[in-house]
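# Structural overview
Single-letter residue listing:
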Amino acid sequence: MLFPPICGGCGKAGFRWCSTCQERAPRVVEPFCEKCGIPIRHVGLCSKCQSDPPAYRLMRSWAVFDSPVQNALHTIKYRRNVGLGDSIAIQMVDFVRSLQWKLDIMIPVPLGSKRLKERGYNQVGLVARPLAHELNLEYKPAALWKSRETRSQVGLTISQRHENVSNAYQANPSVVKRKSILLMDDVATTGSTISACTAALLSAGALEIYALTIARALSHHDLTRV
Ligand SMILES: [Zn+2]
Ligand SMILES: [Zn+2]
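Residues numbered from 1 in each chain as written. Chains lettered and ligands numbered in written order. Predicted model: local features only at pLDDT ≥ 70, side-chain atom pairs only at ≥ 80, totals over all residues. Heavy atoms only, no water.

### Re the coordination of the zinc ion (ligand 2)
Protein coordination at the zinc ion (ligand 2) comes from Cys33 (SG), Cys36 (SG), Cys46 (SG) and Cys49 (SG), with a distance range of 2.3 Å. Geometry at the zinc ion (ligand 2) is tetrahedral, judged from its four donor atoms and the angles of 104 to 114° they form at the metal. Counting gaps between the donor residues of the zinc ion (ligand 2) yields the pattern C-x2-C-x9-C-x2-C. You can see Cys33 sitting in the loop between helix H1 (19–24) and helix H2 (47–51) and its partner Cys46 sitting in the loop between H1 and H2, a full 13 residues away along the chain. Across the pair, Cys46 and Cys33 agree in class, each one buried. (Donors = N, O, S within 2.8 Å, 3.2 Å for Na, K, Ca; no water. Tetrahedral: all angles 85-135°; square planar, octahedral: opposite > 155°, others 65-115°. Helix = DSSP H or I, 4+ residues; strand = E, 2+ residues; numbered from the N terminus. Buried < 20%, exposed > 50% of the residue type's maximum accessible area, 1.4 Å probe, protein only.)

Okay, here's the thing in structure tokens:
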């Protein structure tokens, strides 16, 4: 090959996603909140899900947003690395199956039209599409869209993030009505985006929403950078 691939996690030549990075992908380990999946010190629900439960049924993340997954997501997002997206999707299949969620369709969190034009593609789709294929789920990226532009969530506080994306999404009832939906995003930080998408899907008649992200940012991740 003229241009051998380099690993999206560590840069090693000859691999898209090398075996070392596959093994080192930091997984979210128990105990975590039964509802939103965030690591906590006890079994059960986190304090946020106890006082103000999210509208989605459950949210889980495959990995923690640390090296090498962080690098891989950056490569997928800014370099349109389709092969790396496929490799991550393949590694996520067993994890998603183990959740035993009853699902009808997969929908990725959409970009705004301006961002989509700039980047040319939705980076979430690079993993969501092959993952949907492996899971035998219909992939319906056009069923959910952004009804207004929002600013980047990076650098915003928790309440600003919520405000920024609230009522920013709309869904197509003829696709989502009475469907159990796997809603997928690349990184969950405060969960504001997932919650806003969930609200749009439910108001369009979706039966229930199961949220999945490739990675989860935790308290040691600075909100000014994630
Ligand atoms: Zn690697
Ligand atoms: Zn929770």
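### Comments concerning the packing of aromatic side chains
Evaluation of the coordinates by the stated rule reveals one aromatic pair. Ring centres 5.0 Å apart and planes at 35° place the aromatic pair Trp101 and Tyr210 in the tilted group. Of this pair, Trp101 sits in the loop between helix H4 (82–98) and strand E2 (105–108) while Tyr210 sits in strand E7 (residues 208–216); the two residues are 109 residues apart in sequence, bridging distant segments of the chain. The pair Trp101 / Tyr210 is uniform in exposure class, with both members buried. Between Lys12 and the ring centre of Phe15, over which it is positioned, the NZ or CZ distance is 5.5 Å. (Phe/Tyr/Trp six-rings, centres within 6.5 Å; stacked < 30°, edge-to-face > 60°. Lys NZ or Arg CZ within 6 Å of the ring centre and 35° of its normal.)

### Section: the pattern of salt bridges
Summed over the entire model, instances satisfying the criterion amount to three salt bridges. Measuring nitrogen to oxygen at the nearest pair gives 3.5 Å for the salt bridge that ties Glu118 to Arg115. Highlighted residues: Glu118 and Arg115, both in helix H5 (residues 113–119), separated by three residues, approximately one helical turn. The class of Glu118 is exposed, set by a relative accessible area of 56%. The class for Arg115 is partly exposed, based on a relative accessible area of 35%. The residue Glu138 makes a salt bridge to Lys140 at a minimum N-O spacing of 3.4 Å. Judged by relative accessible area, Glu138 falls into the partly exposed class, the value being 46%. (Salt bridge = Lys/Arg side-chain N within 4 Å of Asp/Glu carboxyl O.)

### Overview of the packing of helix H7 (residues 158–165) against helix H9 (residues 192–203)
Axes are the key here: two packed helices are described by the angle between their axes and the distance separating the axes. Put simply, H7 and H9 touch, their axes get as near as 9 Å, and they point 30° apart. One way to sum up the angle between H7 and H9 is to call them roughly parallel. Handedness of the H7/H9 crossing: right-handed. The residues of H9 that touch H7, namely those facing Ile158, Arg161, His162 and Val165, are Ser192, Thr193 and Ala196. A per-class count over the contact of H7 with H9 returns three nonpolar, three polar and one charged. (Axes fitted to C-alpha atoms, helices over the stretch in contact; angles between N-to-C directions. Parallel < 35°, antiparallel > 145°, perpendicular 65-115°, else oblique. Left-handed = near helix turned anticlockwise from the far one by under 90°. Contact = heavy atoms within 4.5 Å. Nonpolar A, V, L, I, M, F, W, Y, C, P; charged D, E, K, R; others polar.)

### Overview of the nonpolar core
Of all hydrophobic cores here, the largest spans 42 residues; its most connected members are Trp17, Trp62, Ile88, Leu131, Leu182 and Met184. At the level of secondary structure, the elements contributing two or more residues to this core comprise strand E1 (58–64), helix H3 (69–79), H4, helix H6 (125–134), strand E6 (180–188) and E7. Of the residues forming this core, the biggest block, seven residues, is contributed by H4. With sequence-adjacent residues up to four places away left out, Trp62 is seen in contact with Trp17, Ala25, Arg27, Val28, Val69, Ile88, Gln91, Met92, Phe95, Thr213 and Ile214. Formed by 29 residues, the second largest nonpolar core is a distinct cluster that contains Tyr56, Tyr169, Ala171 and Ala206. (Core = buried A, V, L, I, M, F, W, Y, C linked by side-chain atoms within 4.5 Å.)

### Details of the coordination of the zinc ion (ligand 1)
Around the zinc ion (ligand 1), the protein contributes the donor atoms Cys7 (SG), Cys10 (SG), Cys18 (SG) and Cys21 (SG), which lie 2.3 Å from the metal centre. If you look at the zinc ion (ligand 1), its four donor atoms make angles of 107 to 115° with each other, and the shape they trace is tetrahedral. Motif for the zinc ion (ligand 1), donor spacing along one chain: C-x2-C-x7-C-x2-C.

On their own, these measurements won't tell you what the molecule is for.
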